[in-house]
Amino acid sequence: MLVALLSCTGADPIDSSFDGVDMRIEHATERDNTIRFDSPDYIVPAYTDQTLCYFDTYAGDETGIIWGGFFQNMDVGHHVVLMASTADPDAWPDGTVQDCTETDADIMTEARPFLFAGDLTGALQPEMVLPDGMAVKMKAGTRFVIQSHHINTTADDILVNDTVFLQLQDVATVETWTAPWVHVQTQFEVPPHDSLEITVTCSFDDDVYLLSLLGHLHEWGSRYAVDYNKADGSTERVYDIPQWDLQYRDAPPINVYAPGEFQVKAGESFTTTCAWENDTDEPLGFPVEMCATVGFAYPQTVALVCEPDV
């Protein structure tokens, strides 16, 4: 049963004079009790790395999300991510579309992680699948920024579209709430024709159980590791990629944990190590390159985000 259809209506229609390549695809799901958010049709100019964001609002009652599907043309798509937003709807009405390639874009200032695919970008696993009894809470009137990243390496302008599906469950039947956790560092710069390695340490304020853990670098990544700093003073390496592979940009290895398998206690921390090799003539920084450890954890109803000062 399709209980709602939420789509962006404020974007300008595609000009009939568009003479590029139409790479839009039909997105569909046969799951019950599902709502969808459809992006506008986006033009990605030739040889362009483009990230666009648009606003939409959930119009139903408070609910639980037990599955998410994140679909785009994966020949040119890098990711489509659903983020919650506290932005004023008068300033940012539904249907607003803005370039958000740069992380300081105004549209992103009041956004926070909400849902993402199992491998972060959806390149190989374009779904968020939770254990039975668990759900992500979505309150009535939740506003979203849906971020769509496409990379056009061709000589033609292309036309693309993205869709996010959410499968809902009555809050009365949800046993445990879960939400994303994100450890990220955005304040770094890799000099031209040089290398850089940084570490990022983030602690947990409360006891949580992890459901997943993965790392995220882009093309110039060379190494990635995550160390678990335990309350007893010991350290365990829980994620280790000695040689980062280009394919990991879109589909990094992911650690998946069964409920109750991996508990992190309050005060314990993770130290992420990110390394890059810059073979270009320009310095590399965020968001062209990334250093982010992410996953889902429980019990929690809002995202846990740590971006430490340098």
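In short, a report on the structure.

### Examining the overall build of the chain
Each helix and strand in the chain was counted, giving zero helices and 28 strands. For a compact globule of 310 residues, the expected C-alpha radius of gyration is about 19 Å, and the chain comes in at 19 Å, within 12% of that figure. Considered along the principal axes of its C-alpha atoms, the chain spans approximately 65 × 55 × 35 Å. Looking at the chain as a whole, 52% of its 310 residues qualify as buried. Nonlocal contacts in the chain, meaning residues at least 24 apart in sequence, comprise 85% of its contacts between residues at least 6 apart. Across the chain, 12 positive and 52 negative side-chain charges occur, with their mean positions spaced 9 Å apart.

### Some points on the packing of aromatic side chains
In this structure the tally under the stated criterion is 17 aromatic pairs. Between Phe-71 and Phe-165 the ring centres are 5.9 Å apart and the planes differ by 65 degrees, which places this aromatic pair in the edge-to-face class. Highlighted residues: Phe-71 in strand β6 (residues 63-71) and Phe-165 in strand β14 (residues 163-169), separated in sequence by 94 residues. For Phe-71, a relative accessible area of 22% translates into the label partly exposed. Aromatic pair Tyr-228 and Phe-270: ring centres 5.6 Å apart, planes at 85 degrees, arrangement edge-to-face. Taken together, the residues Tyr-228 in strand β21 (residues 221-229) and Phe-270 in strand β25 (residues 269-278) connect sequence positions 42 residues apart. Using a relative accessible area of 7% as the deciding quantity, one classes Tyr-228 as buried. Clustering of aromatic rings is evident, with ring pairs tying together Trp-181, Phe-204, Tyr-228, Tyr-257, Phe-262 and Phe-270.

### Some points on the environment of Thr-34
Tracing the backbone through its elements, the reader meets Thr-34 in strand β3 (residues 34-38). Using a relative accessible area of 1% as the deciding quantity, one classes Thr-34 as buried. In this structure the C-alpha to C-alpha distance between Thr-34 and Val-97, which are 63 residues apart in sequence, comes to 24 Å. Side-chain polar atoms of Thr-34 contact the backbone oxygen of Arg-31, separated by 3.0 Å. Only 3.1 Å separates the side chain of Thr-34 from the backbone oxygen of Asp-32, close enough to count as a polar contact.

### A word on the sheet that holds β25
In space, the four strands of this open sheet follow the order β18-β25-β21-β22, with antiparallel pairing throughout. Single-partner strands in this sheet number two, and they are β18 (194-203) and β22 (235-241). Between one strand and the next, the sheet's axes are offset by a mean angle of 15 degrees, whatever the strand orientation. For β18 and β25, the ladder comprises 10 bridges, and the chain directions are antiparallel. If you follow Ile-198 over to β25, its bridge partner there is Cys-274.

### Some points on the nonpolar core
Judged by nonpolar contacts, the single largest core of 78 residues is most densely connected at Leu-115, Leu-166, Leu-210 and Phe-270. Not counting the four nearest positions on each side in its chain, Leu-115 is found in contact with Ile-65, Phe-70, Val-81, Leu-82, Met-128, Val-136, Leu-166 and Phe-296.

### Section: the pairing of strand β7 (residues 77-85)
Burial of β7 is extensive: nine of the nine residues sit out of reach of the surface. As paired elements, β7 and strand β12 (residues 143-152) share eight bridges and run antiparallel to each other. The residue bridging Ser-85 from the neighbouring strand is Arg-143, located in β12. Across four bridges, β7 lies against strand β9 (residues 111-115) in antiparallel orientation. Paired with Leu-82 across the two strands is Leu-115, which belongs to β9.

### Some thoughts on the environment of Gly-69
The topology assignment puts Gly-69 in strand β6. On the basis of relative accessible area, Gly-69 is assigned to the buried category, the value being 0%. Distance in space between the C-alpha atoms of Gly-69 and Ala-28 is 9.7 Å, their sequence separation being 41 residues. Those residues in contact with Gly-69, other than ones at most four positions away along the chain, are Pro-126, Glu-127, Thr-163, Val-164 and Phe-165.

Rules of the game
- Residues numbered from 1 in each chain as written.
- Predicted model: local features only at pLDDT ≥ 70, side-chain atom pairs only at ≥ 80, totals over all residues.
- Heavy atoms only, no water.
- Helix = DSSP H or I, 4+ residues; strand = E, 2+ residues; numbered from the N terminus.
- Rg over C-alpha atoms; globule rule 2.2 N^0.38 Å.
- Buried < 20%, exposed > 50% of the residue type's maximum accessible area, 1.4 Å probe, protein only.
- Contact = heavy atoms within 4.5 Å.
- Lys, Arg positive; Asp, Glu negative; His and termini not counted.
- Charge placed at Lys NZ, Arg CZ, Asp CG, Glu CD.
- Phe/Tyr/Trp six-rings, centres within 6.5 Å; stacked < 30°, edge-to-face > 60°.
- Polar contact = N/O pair within 3.5 Å; in protein donor to acceptor, adjacent residues only side chain to side chain.
- Pairing = 2+ DSSP bridges.
- Axes fitted to C-alpha atoms, helices over the stretch in contact; angles between N-to-C directions.
- Core = buried A, V, L, I, M, F, W, Y, C linked by side-chain atoms within 4.5 Å.

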